[in-house]
Amino acid sequence: MKIVVIGAGMGGMTAAARLSRGGHEVVVFEASDQVGGKCRTEWIGKVAFDTGPSLLTLPAVYRDFFQRTGKPMGLVCPIESVNPSFDYRFTDGSNVKFSNLSRKETLDAITSSFGAEGASQWDRIMKRAERMWDVSRVPFVESELKSPLSLIKRITFLRDMKIIAPWKTLRQHADEILKDERLRYIMDRYATYSGSDPRKAPAVLSTIAFVEESFGAWHVKGGLGNLTTTVHQRALDVGVTFHLNSPVASIQTTGSKATGVVLADGTIVEADAVIANADASLVYNTLITGHKRALKKARKNIANADVSVAGFSLLLGMRKDPQQVLNHHTILFPENYDAEFDAIFNDGLPVEKPTIYICAPQDEAMSKDENLEGWFVLVNAPTHGQFDWSNHEFSSKYANSIIDQIEARGISVRDRLESLTIRTPSDLEAAVRAPGGAIYGTSSNGARAAFMRAKNRSPIKGLYLVGGSAHPGGGLPLVGISGDLVTEAIGYEKNARH
Ligand SMILES: Cc1cc2nc3c(=O)[nH]c(=O)nc-3n(C[C@H](O)[C@H](O)[C@H](O)COP(=O)(O)OP(=O)(O)OC[C@H]3O[C@@H](n4cnc5c(N)ncnc54)[C@H](O)[C@@H]3O)c2cc1C
């Protein structure tokens, strides 16, 4: 079969490589001048920054990808455990460091920071999250999600629902178990891993905390962009053809079937199947027109879903200070976390006192000067559209206020600062065609969010959707799984290796 892939994000590339290995002829058209979409490491001067993902969880997804397409990941893309996985700091001056891959050590840390009661409550919520993961991973994550009816038909449906408690939000769930507000803040934050509001996102998102703890928090040596480079190289090795600077203008259909794409320069490329790694809202509202009846529901779902959060980031080139070495991931929680969710989800405004994430990898492969290091600072933000991020004066003031807030927490920045680059949601939109600069496509707000997300198999025959705005959602592990799901949905050529 000849397969065209629109977009060289991680979802598009993993699907392309697996299908090519499975005997198909696969061609990828990428609008920008580079592969990897949001997952990239950028050099600014002598320092490198992970400007998209800076944390790899559930690495088994990529281990499996590399294993199935050739040499194993350990030989081509070494990853390193990040310990502590997170250094959480609160405005009252307290802090707790979560240990990578060890519940016991994390519970010890919680005991010494917040007391034994808090540790036992965290253990309880993790045990429940483990049960939720056990019953949800296959039907909700590792399979195509077809319809609520297909789940109801499962023999274990009632038992599973009791465990998952879809009627409960993450916040309600955490409120019931965690009595210390600081632990509730930590749990709330996992909603933001899918760009969501913990007051609307389902309780099952607590599984993200469990997965991070059990399967670990990882760094890719040299930056997460090396994962992109290695996946790209693997795709080339198994025969995928890439065309950069080649935006697809539309998807061609004949009757109710996708039959190829039309590039922006007018070139028509015929195909037996089309895989769209572009955002689902662009696929259904821009790339494919007509098909009113077939696409009515998909378009309605996209229109009704809450968009995920976007991000405002600072790339700080810093002189090293041996007295002040930050952990790989530091989280500075604000006093009032709800004010952040209100600003983004209710008011569409930048957050005055946001949660500040600082990624400060101690990775010599990310600096060409032993005296310099790069800090990637990220705060959640409304999308470009909810708020006008094209105002440079505002961005610069906002960046300064974030630096002030970091310094107010006892971390010196300005006296070590060598370079500052600002990235707004509109920059991300321009770079990778992410509508409004949303990080994860649509959010998981609401019990039905998973069902409203675009399906991997479109109602248009021969058209498939892969990547963060399609099932099972955003983040590197899930987009890798979407690559698997689309591969399985299309299938392999007879006698091909896969
Ligand atoms: C700031 C930030 C921080 C993040 N942090 C993490 C993290 O720590 N851990 C984690 O796991 N995930 C994180 N993520 C999310 C993760 O990066 C994404 O979920 C994932 O990389 C998305 O992959 P994708 O397959 O959806 O493709 P995308 O990255 O969305 O790429 C889609 C590609 O399609 C191309 N395209 C679009 N339209 C067309 C067209 N018409 N023609 C041709 N090409 C087109 C685009 O140019 C782009 O290259 C983060 C993202 C951001 C932005």
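Residues numbered from 1 in each chain as written. Predicted model: local features only at pLDDT ≥ 70, side-chain atom pairs only at ≥ 80, totals over all residues. Heavy atoms only, no water.

A. Inspection of helix 7 (residues 157–164) at higher detail. Taken together, the buried positions of helix 7 are occupied by Phe157, Asp160, Met161, Ile163 and Ile164. For helix 7, the angular spread of buried residues about the axis comes to 160°, placing them on one side. Of the residues in helix 7, the exposed ones pointing more than 90 degrees away from the buried face are Leu158 and Lys162. Where helix 7 is buried, its residues contact helix 5 (116–141) and helix 6 (148–152). At the exit of helix 7 stands alanine 165, carrying a positive phi of roughly 50°. (Buried < 20%, exposed > 50% of the residue type's maximum accessible area, 1.4 Å probe, protein only. Helix = DSSP H or I, 4+ residues; strand = E, 2+ residues; numbered from the N terminus. Arc of directions from axis to C-beta. Contact = heavy atoms within 4.5 Å.)

B. Summary view of the side chain of glutamate 213. Here glutamate 213 shows up in helix 10 (residues 206–215). In this structure the side chain of glutamate 213 is engaged in a polar contact, spanning 2.8 Å, whose partner is the side chain of arginine 103. Filtering out sequence-adjacent residues up to four positions away, glutamate 213 remains in contact with Leu101, Ser102, Arg103 and Met126. (Polar contact = N/O pair within 3.5 Å; in protein donor to acceptor, adjacent residues only side chain to side chain.)

C. Main features of unusual backbone geometry. A cis geometry characterises the amide bond from asparagine 83 onward to proline 84, with omega recorded as 0°. In this fold, proline 84 is placed in the loop between strand 6 (79–81) and strand 7 (86–89). A cis amide bond, omega 0°, links histidine 471 with the succeeding residue proline 472. In this structure, proline 472 sits in the loop between strand 20 (463–465) and helix 18 (476–490).

D. Fine view of the pattern of salt bridges. Counting across every chain of the model gives 29 salt bridges. Between glutamate 144 and arginine 457 there is a salt bridge whose closest N-O contact spans 2.6 Å. A residue pair is termed long-range when its members are at least 10 positions apart, and glutamate 144 in the loop between helix 5 and helix 6 and arginine 457 in the loop between helix 17 (449–452) and strand 20 qualify at 313 residues. Of the charged contacts in the structure, one is a salt bridge between arginine 184 and aspartate 175, with a shortest N-O distance of 3.2 Å. (Salt bridge = Lys/Arg side-chain N within 4 Å of Asp/Glu carboxyl O.)

E. Representation of the sheet that holds strand 13 (residues 268–270) within the structure. On the basis of which strands lie adjacent, the open sheet formed by three strands has the order 11-12-13 and antiparallel pairing. One side of each edge strand has no neighbouring strand; the edge strands of this open sheet are strand 11 (248–254) and strand 13. Going from strand to strand, the sheet's axes swing by 30° on average, the running direction of each strand aside. The pairing of strand 11 with strand 12 (residues 257–263) spans six bridges and is classified as antiparallel. Within strand 12, the position partnered with threonine 253 by the bridge is alanine 258. (Pairing = 2+ DSSP bridges. Axes fitted to C-alpha atoms, helices over the stretch in contact; angles between N-to-C directions.)

F. Broad picture of the site of the ligand. Among the 32 residues in the neighbourhood of the ligand, the closest are listed as Gly11, Glu30, Lys38, Gly468 and Leu476. Between the ligand and valine 248, the relevant distance is 2.9 Å, taken from a nitrogen atom to a main-chain nitrogen or oxygen of the residue. Within the contact set of the ligand, an oxygen atom lies 2.7 Å away from a backbone nitrogen or oxygen of glycine 468. Protein contact buries 94% of the 1,000 Å² of open area that the ligand shows by itself. Every element with two or more residues in the shell around the ligand is listed here: helix 1 (10–21), helix 16 (425–432) and helix 18. (Near = heavy atom within 4 Å. Areas by Shrake-Rupley, 256 points an atom, 1.4 Å probe, with all protein chains shown as cover.)

G. Structural view of the packing of aromatic side chains. What the rule picks out here adds up to 21 aromatic pairs. Note on phenylalanine 65 and phenylalanine 66: the rings are 5.1 Å apart at their centroids and 75° apart in plane angle, and the pair reads as edge-to-face. The burial state of phenylalanine 65 is the same as that of phenylalanine 66; both residues are buried. Aromatic ring contacts, followed pair by pair, group Phe86, Tyr88, Phe90, Phe98, Phe114, Trp122, Tyr185, Phe333, Tyr337 and Phe341 into a single cluster. Here the guanidinium or amino end of arginine 63 rests over the ring plane of tryptophan 218, the centre of that ring lying 6.0 Å away. If you follow lysine 368 out to its NZ or CZ, it ends over the ring of tryptophan 43, 4.3 Å from the centre. (Phe/Tyr/Trp six-rings, centres within 6.5 Å; stacked < 30°, edge-to-face > 60°. Lys NZ or Arg CZ within 6 Å of the ring centre and 35° of its normal.)

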